[in-house]
Amino acid sequence: MLRRLVAGLAAIVLVAEAAVLVLVHIVLGRTTANQSMSIAGSDPDVMSKATYAMGAGMGAFLVLCAVLTAVAALGDRPPGRFARVVLIAAAVTHGVLGVLAIVLVTWTAFAVTTMILCLLVLTLTLYAAPRDGAGDGEGDVPPPPAYGELKPTGP
């Protein structure tokens, strides 16, 4: 129950974050185009289109993460290998952005970014933990022997 709740909440928060980031990039792109801003002689049209593309790319990535966590929540199944890699990449990205947010933005941005990081990590770790009573004994792999313990070889 808890992991479904956390994964569902993570999906909702990631969709909201995607919407906010796309909106911010639209505003930045329009501002760049309207003021004909340029950095070191760069073409303002290229800069505004690159800003739109970056916003679309970030939004698509976050929506992908939201879909992967929603699928995990709805099916109450752990994410597959591809989904885990994508969610780990998102968690690492949020960790780096959280550190940069302290320096460049505000503590509020750090708190929000860290909250999203916590939701992602909690989703990954809750689905990695074994379920109580899961499995019927068939096909279960016995745990490896402890360090220094000998494995029985015969009947």
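For clarity, every value in this text was computed on a predicted model and none was experimentally measured.

**Regarding the pattern of salt bridges**
Inference 1: If you walk through the whole model with that rule in mind, you get one salt bridge.
Inference 2: Among the ionic pairs, Asp 76 bridges to Arg 3, the shortest N-O distance being 3.4 Å. In this pair, Asp 76 sits in the loop between helix 2 (44-75) and helix 3 (81-104) while Arg 3 sits in helix 1 (residues 2-35), placing the two residues 73 residues apart along the sequence.
Inference 3: Asp 76 sits in the buried class, given a relative accessible area of 16%.

**Things to note about helix 3**
Inference 1: For helix 3, which comprises 24 residues, the first-to-last C-alpha distance of 34 Å matches the rise-based estimate of 34 Å (1.5 Å per residue) to within 8%.
Inference 2: Within helix 3 the residues assigned to the buried category are Ala 83, Val 86, Leu 87, Ala 90, Ala 91, His 94, Gly 98 and Ala 101.

**Some thoughts on the packing of helix 2 against helix 3**
Inference 1: One can describe the packing of helix 2 onto helix 3 by two numbers: an axis separation of 10 Å at closest approach and a directional angle of 125 degrees. Our classification of the angle between helix 2 and helix 3 gives oblique. The handedness of the crossing between helix 2 and helix 3 is left-handed. In contact with Phe 61, Leu 62, Leu 64, Cys 65, Leu 68 and Thr 69 of helix 2, helix 3 contributes Ala 83, Val 86, Leu 87, Ala 89, Ala 90 and His 94.
Inference 2: Tallied by class, the residues present in the contact of helix 2 with helix 3 amount to 10 nonpolar, two polar and no charged.

Conventions adopted
- Each chain has its residues counted from 1, following the order in which its sequence is written.
- Per-residue local features of the predicted model are confined to residues with pLDDT of at least 70, and side-chain atom pairs are confined, for both listing and counting, to 80 or more; whole-chain, interface and lining totals are unaffected and use all residues.
- The side-chain quantities take in all heavy atoms of the structure and omit both hydrogens and water.
- One speaks of a salt bridge when a side-chain nitrogen belonging to Lys or Arg is within 4 Å of a carboxyl oxygen belonging to Asp or Glu.
- Runs of E in the DSSP output that reach at least two residues are strands. Runs of H or I that reach at least four are helices, and both are numbered from the N terminus.
- Burial here depends on accessible area, computed with a 1.4 Å probe over protein chains only, as a share of the maximum for the residue type. Under 20% is buried, over 50% is exposed, and the range in between is partly exposed.
- Helix span, expected: 1.5 Å multiplied by one less than the number of residues in the helix.
- Between the N-to-C directions of two axes lies an angle of 0 to 180 degrees, each axis being a line fitted to C-alpha atoms and, for a helix, fitted only over the stretch in contact.
- In this scheme, roughly parallel covers angles under 35 degrees and roughly antiparallel covers those over 145, while 65 to 115 is roughly perpendicular and the rest are oblique.
- Crossings are classed by handedness, with left-handed meaning an anticlockwise turn of the near helix from the far one by less than a right angle and right-handed meaning a clockwise turn.
- Should any heavy atoms of two residues lie within 4.5 Å, those residues are considered in contact.
- Note on residue categories: nonpolar means Ala, Val, Leu, Ile, Met, Phe, Trp, Tyr, Cys or Pro, charged means Asp, Glu, Lys or Arg, and polar means any other residue, Gly included.

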